[in-house]
Amino acid sequence: MDKDRKTVILCLLLSAICSPVVSEDWKATVVKRLDALVTSCVVVPCSFSHPKEKLPASRLRGIWHRKSQWNQLIYASDDTTVLDSFKDRTQMLGNLGQDNCTLEITDVKNHDNGAFCFRIELARTETDKATKDKFSFVEDCVELDMLSEPAKPSLVHSPTATEGRPYVVTCTVTHTCPSHVPKFTWSRSNTDRPTEVHRLIHNGLWEAQSILTFIPQAMDDHSELTCTAVFNGQKTTSATLKLFLKRAENYNHIIIPVAVGIGTAVIFGVLCIFMVKKYKKRIIELQNQEGSMWHRLSRMSRRNRS
Ligand SMILES: *[C@@H]1O[C@H](CO)[C@@H](O)[C@H](O)[C@H]1NC(C)=O
């Protein structure tokens, strides 16, 4: 069938295009885009792989250069070859012997947006500065998105603040400078030390959290709580929440009226019994008086007739 043959050809073509190309070439994996906060640091994750044989780490030379110009170095182990504008600001955090080419740029400037690429060279001898083989991974470069100010922290808290019960507030910021993490401060000092959590979200983006737990008192109602994060390089950001306190639950509003009701009923009851007793006596007295009066009257009438 014509249609079937076309489908088969299409499938073959697709599989030829999509199948992984098996190659023995050197490869580097560099994160493609990364935010960088001006004045802070940025750590660019990078790893590489090389053909079969294990290379002596002592002869490996890692280099980072501008994508536009191979000879504009922003990092090299021999820092005399590094561009003046990057001198003393770049450092290889990764261990080349472990295929790790992670780069740190400190004191980030507005114009550090890149793109920057990693290149590795193999020296002829351990002390030799000249090189034998050169490999460059211009396909894998990083572009930095410059942030002039950090974003506001996010504050997440327990659903209700109750007097005398623990209340938890979590302050979260993201950053790309895991070598000098942000420092947190809180506007409350009379609390336990906040817990800090640092975790990698993905591709060089990190999350830093400070978790504060405290027991609110009555005077904390309508008070403000501020979390401040100071980033490497001193840029600061903060967020504030207002505390609305729920009173500790008590049942006075039920117990007091009930007690008053019962008390009134008891007093009223006692009064009734007392009154009934008192009037019973009087009734009996009256009845008795009535009886004796009748008796007397009937005696008088009898006397008259006779
Ligand atoms: C590479 O080195 C950096 C800095 O020491 C480290 O944080 C990272 O986990 C390493 N990456 C891998 C894949 O080992």
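See the structure printed just above.
In this text, all values refer to a predicted model and were calculated from it rather than measured experimentally.

A. Looking closely at the side chain of Ser 158. Summarising the element assignment, Ser 158 is placed in the loop between β11 (154-157) and β12 (161-162). Ignoring sequence-local partners within four residues, the contact set of Ser 158 consists of Tyr 167 and Val 168.

B. Region of interest: the state of the cysteines. For the structure shown, the criterion picks out 4 disulfides. Bridging Cys 41 to Cys 177, the disulfide has an S-S length of 2.1 Å. The sign of the S-S torsion, about 110 degrees, decides the handedness of the disulfide formed by Cys 41 and Cys 177: right-handed. Of the two residues, Cys 41 sits in the loop between β2 (33-37) and β3 (42-44) while Cys 177 sits in the loop between β13 (167-175) and β14 (183-186), which places them 136 residues apart along the sequence.

C. Spotlight on the environment of Gln 209. With respect to the helices and strands, Gln 209 occurs in strand β16 (residues 205-214). For Gln 209 and Ala 229, which are 20 residues apart along the polypeptide, the C-alpha to C-alpha distance reads 9.7 Å. With near-sequence residues (within four places) excluded, Gln 209 lies in contact with Thr 170, Cys 171, Thr 172, Phe 184, Thr 195, Glu 196 and Val 197. At a separation of 3.1 Å, a polar atom in the side chain of Gln 209 contacts the side chain of Thr 172.

D. Geometry of unusual backbone geometry. Of note in this structure, Thr 39 is not a glycine but carries a positive phi near 80 degrees. Under the relative-accessibility criterion, Thr 39 is labelled partly exposed at 26%. In this model, Gln 234 sits at a positive phi of 80 degrees, which is unusual for a non-glycine residue. Its location among the elements puts Gln 234 in the loop between β17 (224-230) and β18 (236-242). A relative accessible area of 62% places Gln 234 in the exposed class.

E. Structural detail: the packing of aromatic side chains. Counted by the stated rule, this structure contains 4 aromatic pairs. Seen in terms of ring centroids, Trp 64 and Phe 118 are 5.7 Å apart; in terms of plane orientation they differ by 55 degrees. Their pairing is tilted. Placement of Trp 64 in strand β5 (residues 60-66) and of Phe 118 in strand β9 (residues 114-123) is noted, with a sequence separation of 54 residues between them. A single burial state applies to Trp 64 and to Phe 118, both of which are buried. Three or more aromatic residues joined by ring pairs form one cluster here, namely Phe 48, Trp 64 and Phe 118.

F. Local environment of the sheet that holds strand β7 (residues 90-92). The strand order β3-β8-β7 describes an open sheet built from 3 strands, whose pairing is antiparallel. Single-partner strands in this sheet number two, and they are β3 and β7. Neighbour-to-neighbour, the strand axes of this sheet turn through a mean angle of 20 degrees, independent of strand direction.

Rules of the game
- Residues numbered from 1 in each chain as written.
- Predicted model: local features only at pLDDT ≥ 70, side-chain atom pairs only at ≥ 80, totals over all residues.
- Heavy atoms only, no water.
- Helix = DSSP H or I, 4+ residues; strand = E, 2+ residues; numbered from the N terminus.
- Contact = heavy atoms within 4.5 Å.
- Disulfide = S-S within 2.5 Å.
- Polar contact = N/O pair within 3.5 Å; in protein donor to acceptor, adjacent residues only side chain to side chain.
- Buried < 20%, exposed > 50% of the residue type's maximum accessible area, 1.4 Å probe, protein only.
- Phe/Tyr/Trp six-rings, centres within 6.5 Å; stacked < 30°, edge-to-face > 60°.
- Pairing = 2+ DSSP bridges.
- Axes fitted to C-alpha atoms, helices over the stretch in contact; angles between N-to-C directions.

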